[in-house]
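An overview of the molecular structure
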Amino acid sequence: MDVPKGVGLSKDLSEAIRYYKLAASQGHEIAQLNLGLMFFYGHGTHQDNTESLKWFRAAAAQVNPRAQYYLALLYHDGAGVRRDLMRAYICLSQAASNGEARAFALLETIEIEMEETTLIQARKLGKSSIDYCSTFYPFDVMEAKGAPIFNRISELTKSYSSV
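Residues numbered from 1 in each chain as written. Predicted model: local features only at pLDDT ≥ 70, side-chain atom pairs only at ≥ 80, totals over all residues. Heavy atoms only, no water.

Description of the packing of aromatic side chains
- Taken as a whole, this structure holds six aromatic pairs when the rule is applied.
- Taken together, a centroid distance of 5.1 Å and an interplanar angle of 75° make the contact between F40 and Y70 edge-to-face. Of the two residues, F40 is situated in helix 2 (residues 29–41) and Y70 in helix 4 (residues 65–77); the sequence distance between them amounts to 30 residues.
- Aromatic side chains F56 and Y70 sit 5.3 Å apart centroid to centroid with 20° between the ring planes, which places their arrangement in the stacked category. With F56 in helix 3 (residues 49–60) and Y70 in helix 4, this pair connects stretches of sequence that are 14 residues apart. Across this residue pair, the class does not change: F56 and Y70 are buried. (Phe/Tyr/Trp six-rings, centres within 6.5 Å; stacked < 30°, edge-to-face > 60°. Helix = DSSP H or I, 4+ residues; strand = E, 2+ residues; numbered from the N terminus. Buried < 20%, exposed > 50% of the residue type's maximum accessible area, 1.4 Å probe, protein only.)

Side note on the packing of helix 2 against helix 4
- Taken N-terminus to C-terminus, the directions of helix 2 and helix 4 make an angle of 30°; their axes are 10 Å apart at the nearest point. Compared by their axis directions, helix 2 and helix 4 come out roughly parallel. The interaxial crossing formed by helix 2 with helix 4 has left-handed handedness. Judged by residue contacts, L33, L37, F40 and Y41 of helix 2 engage R66, A67, Y70, L73 and L74 from helix 4.
- Split into classes, the residues belonging to the contact of helix 2 with helix 4 amount to eight nonpolar, no polar and one charged. (Axes fitted to C-alpha atoms, helices over the stretch in contact; angles between N-to-C directions. Parallel < 35°, antiparallel > 145°, perpendicular 65-115°, else oblique. Left-handed = near helix turned anticlockwise from the far one by under 90°. Contact = heavy atoms within 4.5 Å. Nonpolar A, V, L, I, M, F, W, Y, C, P; charged D, E, K, R; others polar.)

Remarks on the packing of helix 5 (residues 85–97) against helix 7 (residues 116–127)
- Close contact between helix 5 and helix 7 brings their axes to 9 Å; oriented N to C, the two are set at 40°. With respect to each other, helix 5 and helix 7 are oriented oblique. When you trace helix 5 past helix 7, the crossing you get is right-handed. For the pair helix 5 and helix 7, the contacting residues are M86, Y89 and I90 in the first and T118, L119, Q121, A122, R123, L125 and G126 in the second.
- Across the contact of helix 5 with helix 7, the residue classes tally to six nonpolar, three polar and one charged.

Structure follows, in structure tokens:
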């Protein structure tokens, strides 16, 4: 049995979440990302955008491009957070500049949705040294909307998932 790799052990997502939470609470970036993904998709737990937001923010603050990308999706749709196209654009810009290929296509989509003055401001903020993507603002958090928002996010991402 190869225990370090999990070979020979049964799959236990509840146990995985427990260990991810331990590591994530100690600042482990990949554990934070994986925990965010588990709550985002509802793997081993209920789907919870507010909880995924918390962990994606933590990983994005450590410049994790996948976390920045998923934060952008949450901001775009207002999933567990107030809808904010400017923050979605900034997160996608950061994700793209940090190597997340899927971010480039979604940047174009969001640019079309944004007003010109907002887009100009988002581009300026995205180039500043302040982290507008993962910074928490108290007015951001609201109750997650559940499946309808999750379905909208799925629609947005399905054509870009193979990029």
